[in-house]
Number of protein chains: 4
Amino acid sequence: MTLHLNDLRVRDLGECRYDSPLSELLSTKQTSPHYVAEGDRVLLEDTVSMLAGHSLPSVQAPSFEAAGPRRKIYFDPAEVTAGVVTCGGLCPGLNNVIRGLVKALAVHYGVKQILGFRNGLRGLTAEHRDDTIELTVEGVRDIHHAGGTVLGSSRGGQNADEMVDSLVLRGVTMLFVVGGDGGMRAATYLSEAIRARGLDIAVIGVPKTIDNDLPFTDQSFGFQSAFARATEFISAVSVEAAASPNGVGIVKLMGRHSGFIASYAALAASAADIVLIPEIPFALGGEGGLLAHVEQHVRTKGHVVIVLAEGAGQDLLADHGLPQHNGNGTDASGNIKLGNIGELLKERISAHLTMVGLAPTMRYIDPSYAVRSIAANAYDSVYCLRLAHAAVHAAMAGRTEAAVARWRRRIVHVPLPLMTSHRNQVDPDGDMWMSVLETTCQPAEFGPVRKRDKVPADFC
Amino acid sequence: MTLHLNDLRVRDLGECRYDSPLSELLSTKQTSPHYVAEGDRVLLEDTVSMLAGHSLPSVQAPSFEAAGPRRKIYFDPAEVTAGVVTCGGLCPGLNNVIRGLVKALAVHYGVKQILGFRNGLRGLTAEHRDDTIELTVEGVRDIHHAGGTVLGSSRGGQNADEMVDSLVLRGVTMLFVVGGDGGMRAATYLSEAIRARGLDIAVIGVPKTIDNDLPFTDQSFGFQSAFARATEFISAVSVEAAASPNGVGIVKLMGRHSGFIASYAALAASAADIVLIPEIPFALGGEGGLLAHVEQHVRTKGHVVIVLAEGAGQDLLADHGLPQHNGNGTDASGNIKLGNIGELLKERISAHLTMVGLAPTMRYIDPSYAVRSIAANAYDSVYCLRLAHAAVHAAMAGRTEAAVARWRRRIVHVPLPLMTSHRNQVDPDGDMWMSVLETTCQPAEFGPVRKRDKVPADFC
Amino acid sequence: MTLHLNDLRVRDLGECRYDSPLSELLSTKQTSPHYVAEGDRVLLEDTVSMLAGHSLPSVQAPSFEAAGPRRKIYFDPAEVTAGVVTCGGLCPGLNNVIRGLVKALAVHYGVKQILGFRNGLRGLTAEHRDDTIELTVEGVRDIHHAGGTVLGSSRGGQNADEMVDSLVLRGVTMLFVVGGDGGMRAATYLSEAIRARGLDIAVIGVPKTIDNDLPFTDQSFGFQSAFARATEFISAVSVEAAASPNGVGIVKLMGRHSGFIASYAALAASAADIVLIPEIPFALGGEGGLLAHVEQHVRTKGHVVIVLAEGAGQDLLADHGLPQHNGNGTDASGNIKLGNIGELLKERISAHLTMVGLAPTMRYIDPSYAVRSIAANAYDSVYCLRLAHAAVHAAMAGRTEAAVARWRRRIVHVPLPLMTSHRNQVDPDGDMWMSVLETTCQPAEFGPVRKRDKVPADFC
Amino acid sequence: MTLHLNDLRVRDLGECRYDSPLSELLSTKQTSPHYVAEGDRVLLEDTVSMLAGHSLPSVQAPSFEAAGPRRKIYFDPAEVTAGVVTCGGLCPGLNNVIRGLVKALAVHYGVKQILGFRNGLRGLTAEHRDDTIELTVEGVRDIHHAGGTVLGSSRGGQNADEMVDSLVLRGVTMLFVVGGDGGMRAATYLSEAIRARGLDIAVIGVPKTIDNDLPFTDQSFGFQSAFARATEFISAVSVEAAASPNGVGIVKLMGRHSGFIASYAALAASAADIVLIPEIPFALGGEGGLLAHVEQHVRTKGHVVIVLAEGAGQDLLADHGLPQHNGNGTDASGNIKLGNIGELLKERISAHLTMVGLAPTMRYIDPSYAVRSIAANAYDSVYCLRLAHAAVHAAMAGRTEAAVARWRRRIVHVPLPLMTSHRNQVDPDGDMWMSVLETTCQPAEFGPVRKRDKVPADFC
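An unreviewed UniProt entry lists chain A under the name ATP-dependent 6-phosphofructokinase, with Pseudonocardia parietis as the source organism. UniProt lists a comment for chain A under the heading Pathway (unreviewed entry), and it reads "Carbohydrate degradation; glycolysis; D-glyceraldehyde 3-phosphate and glycerone phosphate from D-glucose: step 3/4."

(A) Representation of helix H6 (residues 223-242) of chain B in the model. Between its terminal C-alpha atoms H6 of chain B stretches 28 Å, which fits the 28 Å expected from 20 residues at 1.5 Å a residue. Of all 20 residues in H6 of chain B, 16 are buried; the element is thus mostly enclosed.

(B) Focus on the interface of chain D and chain B. Tallying the contact residues gives 26 residues for chain D and 26 residues for chain B. It is Glu240, Ala243 and Tyr369 of chain D in chain D that bury the most area against chain B; as a group they hold 27% of the surface buried on that side. The tally of links from chain D across to chain B stands at four salt bridges. At the boundary of chain D and chain B, one finds eight residue pairs in polar contact (both at pLDDT 80 or more). The set of elements that each furnish at least two residues to the side of chain D that touches chain B consists of helix H6 (223-242), strand S14 (361-365) and helix H11 (368-372) of chain D. Ranked by residues supplied to the side of chain D that touches chain B, first place goes to H6 of chain D with six residues.

(C) Summary view of the nonpolar core. Ranked by internal contacts, the top residues of the largest apolar core, which has 368 residues, are Phe176 of chain A, Phe176 of chain B, Phe176 of chain C together with Phe176 of chain D. Setting aside residues up to four positions removed in sequence, Phe176 of chain C forms contacts with Ala82, Gly83, Val84, Val85, Leu101, Leu105, Ile204, Ala391, Val392 and Ala395 of chain C.

(D) Main features of the pattern of salt bridges. Residue and element names in this part refer to chain C. This model, assessed by the stated rule, comprises 81 salt bridges over all chains. One salt bridge in this structure joins Arg197 and Asp161, with 3.1 Å as the shortest N-O distance. Linking Arg197 in helix H5 (residues 181-197) with Asp161 in helix H4 (residues 160-169), this pair joins segments that are 36 residues apart in sequence. Note on Asp161: relative accessible area 42%, which makes it partly exposed. Put simply, Lys346 and Glu343 hold a salt bridge, and the shortest N to O gap is 3.5 Å.

(E) Expanded view of the UniProt feature "binding site: ATP" (unreviewed entry) in chain A. Residues and elements named next belong to chain A. Sequence positions flagged by UniProt for "binding site: ATP" (unreviewed entry) are, in local numbering, Gly89, Arg155, Gly156, Gly180, Asp181, Gly182 and Gly183. Despite a sequence span of 95 residues, these residues sit close together in the fold, their greatest C-alpha distance being 11.0 Å. Take Gly183: it is sitting in helix H5 (residues 181-196). Using a relative accessible area of 6% as the deciding quantity, one classes Gly183 as buried. Once you skip the residues sitting within four places of it in the chain, Gly183 turns out to touch Cys87 and Val177.

(F) Geometry of the domain arrangement of chain A. Residues and elements named next belong to chain A. Structurally, chain A comprises domain 1 (5-220 + 376-419) and domain 2 (223-373 + 427-453). Taken residue by residue, the interface counts 22 residues in domain 1 and 18 residues in domain 2. For the pair domain 1 and domain 2, the number of links is zero salt bridges. Where domain 1 packs against domain 2, one counts seven residue pairs in polar contact (both at pLDDT 80 or more). Put simply, the parts of the chain that give the side of domain 1 that touches domain 2 at least two residues each are H5 and helix H13 (378-396). Broken down by element, the side of domain 1 that touches domain 2 gets its largest block of residues, three residues, from H5. For the side of domain 1 that touches domain 2, the class distribution of residues is six nonpolar, ten polar and six charged.

Conventions adopted
- Residues numbered from 1 in each chain as written.
- Chains lettered and ligands numbered in written order.
- Predicted model: local features only at pLDDT ≥ 70, side-chain atom pairs only at ≥ 80, totals over all residues.
- Heavy atoms only, no water.
- UniProt positions renumbered as here; feature names shortened; annotations may be inferred.
- Helix = DSSP H or I, 4+ residues; strand = E, 2+ residues; numbered from the N terminus.
- Expected span 1.5 Å × (residues − 1).
- Buried < 20%, exposed > 50% of the residue type's maximum accessible area, 1.4 Å probe, protein only.
- Contact = heavy atoms within 4.5 Å.
- Buried area = accessible area lost by both parts, 1.4 Å probe.
- Salt bridge = Lys/Arg side-chain N within 4 Å of Asp/Glu carboxyl O.
- Polar contact = N/O pair within 3.5 Å; in protein donor to acceptor, adjacent residues only side chain to side chain.
- Core = buried A, V, L, I, M, F, W, Y, C linked by side-chain atoms within 4.5 Å.
- Domains from an automatic or database assignment.
- Nonpolar A, V, L, I, M, F, W, Y, C, P; charged D, E, K, R; others polar.

Shown next, in the form of structure tokens:
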């Protein structure tokens, strides 16, 4: 899709009439490579050839509103009741975001009441709307040292009107939704219901995706922590495979539609021989197929290490009469349930190697929970803090139906619906996948594969 | 300074006449958000208001050449002898860069001979030019698990002509210089001497700075590993200070001219009460001065934690009759020797608190070597690998007098002299320092300070 | 069983006639709390009431020969060819032991030839006996930084005579067998075959068991590294369970017959509500059964965390018509194959909680390979080094059919057959299990259970 | 000194008349290798030759009372007010001990009131006796994840009567003193004052020493965490030294009188060339002196790594006219202040190498606070928990003037005065130091040294 300037405009609730408590700090600031001033915009595209197509002068170029504190704000801090909710699967950094929101609201703006809704959007249903936690600076002081989320989480959207009722009943004037595509979609519906009722409630999304598959986020918070942890499991199967006769090590990593964790972890570990991701179809049998490649590795090197994103090769499951995503229905968040490609590979590789006289020692790990439940590393800690600050500034300035995200290292405001308009995926033509091929020395394709649809780039 | 398009053009050695062994992989690629095609350029600036001042159409806008493999290359790989040298202080990732260079040269391009010069540029002097290591894929296989550099390092430039002689004598056709501002300057002089002699030798710099003070690099490789490690020492003094009556914890971190490590580590640790960096002068005594602030912290909270960049408050040393950078001369790399601000603070804080009846327990750590000598973390491992690949592609395509660097997440070619044209520093008006102030709740200034010169932004 | 002094005597090959190269270092040493002199013995029992039953004077009390260097040695180092083999499953520290053996042999005694047999005892078969690695000081320099074993490993004993032939053909005069109960049994058979042929070959075992289930070893090498790593997975499911509505976290840890890893990891993590080990039978249903206890936890606390040793509750599998160890045959090492108690628990707990209206979120991890493949921690590194030194001293002094082991912090010589005479298990009456009960607050028994056989203590 | 059975008897307050809430769990227990029953005793010595000298039968042999829960207890839990205080320098595990004490008191025995005195024994002075924290199960839930001590600490004893007054005024019936030799001495004086007044207050010591220099403790809690952390700094200077021309790396580690941390860390890191500890004097100059050895290393290997305990070579300071411990007075805990041997070595080595034409690159680290402030590792976590349980059982059973300690893996009761009767030191004749010599290949002595006094063994 082609994005126009209008697509990137963010909604706001109205004129900002209150002086920000931070305004003094802002008085002398000017646009620089490290600061995007109020009113300035950040280009969507930075490549000259792509820009050339747009009707310049550049002020018409597609561009984002910069995030950050404003001199004037929309809400009177003394009147604000803020709400926070975390949705979907765990991801390193959730507690850091919660802590950052609370500290920015309470310390910088002097907001008195901050409610944490428990267990995801479930906490906004009529049944559970009183299951809230009072969030205070003291209460969140040390939570960033732990993984998970002190608010709890759950999958699944909920009835929008019921959720709006909860906000109204609890007096919430700004809601922060930390969540994945399920959460961002729900936040969008919720925003629309709020708008339909003409309510003065800001909804700001903080995009969370351990798979790094949401657009406009450089790399999502928690992603670096997660792939760093994942490398340990690649090392583990690598050690196991190398110490066993005809050792075959397989790690199944997260990545339903996007192979970022698998790719980055494989690059970082430098121990994988083969990386399989959803974006690149592969054939099992036949000349040039995966099995032949695996066999050759075991025959020559004595062992092989495979890193596998959970969403890879889903089309093969159907070929083998196994359930795959098309037939499996969806989970509570609306995510398609995937078939287990890891089990298929384990079985097929074992059968193949045994057949050719290389009876293997299989070492298979699926570390999922052990990866996503860790605390944020130093980098993600800083990132989460800054995203949280930006989210608070956005809400205080009356922005709504918007997510805070980072685009080429700038924190910007992105209209909520855009966050779920498409997926961020590994570009088979991009630099990063090229580095994976260079590092593993695997072929660009395993066997004759179905023609793949052009992988959608970040946007096009 | 204002940069024009011409300032950003990179030199090359001539026409590329050889087919790249990687050309097949490149055949179908097109410019996308994840891939910058050959011939495309990446904008220096992405903020609309800044661009507006340039004479658009945008094809004239200041922009960088994109890094990456080319379909045609300048050197015949079979004829190439590559040289690698690492200069200056240690930094996480040096071994990863060496390993990435060797693997890209040997595996992707089939280069047969790769020499590692020992102990920095000293290894290119007449005296030491035979003290080289043959670098092979097998030899570098596991070196990325260790910190430091297998080539050794040293400070100090050397006679350019002597170094060129070494390259000629050893038959080197491309030299990779991994180094900081000293190394980049030396690489520039060396390039000029090569050009003056009309030699066909490519020189590519891989910028290294643990302080993150080189321009055009987003964040320098090793920086994330370093500041993550540094957070452990902030935690250490924080634990110590909190467990002692009137505890004062001080960590002196690296950062001669730029307070990035101090700032990021403080944000990540979330345990610092005060962050002092070279970019922001501060007064010790007087109302609103540092001592008064420290006293107040100890009085109310029972302890205080200070994170200090080594280059902070150098002007204060002279005030106290202590040697500071102006009087201290320079080290072998031409770096100004700094006075020890940590000792001054320790002494002055101790005296002040004792005087006001709060005799302190001082806990001071200077972990320098323990921070910079660690192995690269997962993120930096990937980053180093990709920088190294880009450096090899640049040299093979005949680029010279250029550095590979990352600008807003794009890897680009930057003319070598630009790498030392100015320093990257923390922008007191930027988002990041704002987050530090928000997190520590320290005042924007300690006491009435000398008027500071406008901190040079990344470029202006 | 009751052990007599004679049971603890170690075989030797004959008189020690060569001066040890270490003899000078030994000249002045005397027995002390830190040093057991040559000729001294270490008591098997240190509890007064247990000793009282023995026919004292204490010189007749059951006691071990102390390990350590001797002034006179049996083998002429110049004539020695040493062999090393690692058997069975991976365990942290294997490379440290290999490295320690090589360094002690080569550096301290000047042994010239050290052979590593590949892939466990398979490397001593006729077919594979040439698949050896020459082990050198330079070659093993950095191997302790990696998990696994550079020699490879495999399960399964081999024909004793064939193995002796290999030793003779390769000229081996001392063999070090690093292995578990399978390996110790094989070493015993091999020793007997050597003795039967009247050969002058020393066989020394270095007991390896990640489960800590071999006797006479205080804690086996690698055990501390392993349980430390295992705590991370308890934390992971704990974080997951706490963040989910009706969260149930289960970690299945190693421990076929002995619940040491589960117990220690649970104590260290302090996050488990229930610990299940092979030594303590439990009932699922009924009043006071596990399911009732789980239900109560979820109802009152909102979630529950269970740490499970793989060998726990094997009797329940048969009750549910599932394969258990009695029906499953044995693996190549002669180990009984266990049924999967984790899957049973997952299914039964899920069914039970759903039935009572607490539909759970299940979080199940089986991290096995990720635990056992890590490198040794600092403590185990020292321990392995010292065990390896002791093993070399034993062999050089002509001891054979012996293992080196640590008994109440003394390194001693234990006759090989004793190492497999019984298993070390968690004593339900012991201090450690008491601490588990105190920490988890779980009941001493879940439900009315089958009368358990008295758990064999370390020996009785 | 020779210890007799009477020396090892522990004082108690009187007859145990209350049933323990734990008595049911104890009903069937019998002495075993894993459990020492009530009334049983653990031998001081386990070496046959040493025992032989004692007047056996063994019931007269020097032996300890076993720790653990008793069926009958002295205090009525409902009436107990417990006090906890942590003294001296930080050590990994302090918070684990506090948490273990609180949980055992509150959960197992149902004690209602537990007071934490702040900042060491200072918290028991008249001035500060109200500066206490109420310790609750909820409050200590997560404290073990942090280093340091939530109670704060300080050095220095206090007036015994004043402290007893505090206990009486606050109604404390049992006091747990977690501390080093300073703390144990103070606890002894305090106990004597309590006894002199005929008060019914139990005093139980939990010995804490990061240097591992207290007797009867196998290895002190926190020691393993500390030396593991220390290895990282040896690796750091090793990496630095190896990467620099004529690199000299020096790490100064804790160890005022005992070189355990230096020795174990050096063994674990396997990167040290020279280890210097207080127990082994050394000469700097002259043939065979340290400087000559250092020079030879740099000349042949290119660099050298030295691990230095802070108490090593104190006699050399006086030789060089520098302050050493004899002249330096004592700190608030009565510890002799040491001169800085690290600075002396740095200066002398630098001068020597420069003189012989090998101008060195010096890399010196003193990581002290960064080592001792970390959280306990998994092993120490378990150890601290079990020590804390034992301490509570001891106090509830009316034991007093006693420490809980571990002797050859048994937890026992030791009379408080014995804990400070002598120091645990590295035995130059022991196995461990032998392993250090074998690993570093350093000579048994550097140069002609002053005749050293026989190092006192653990006791003699």
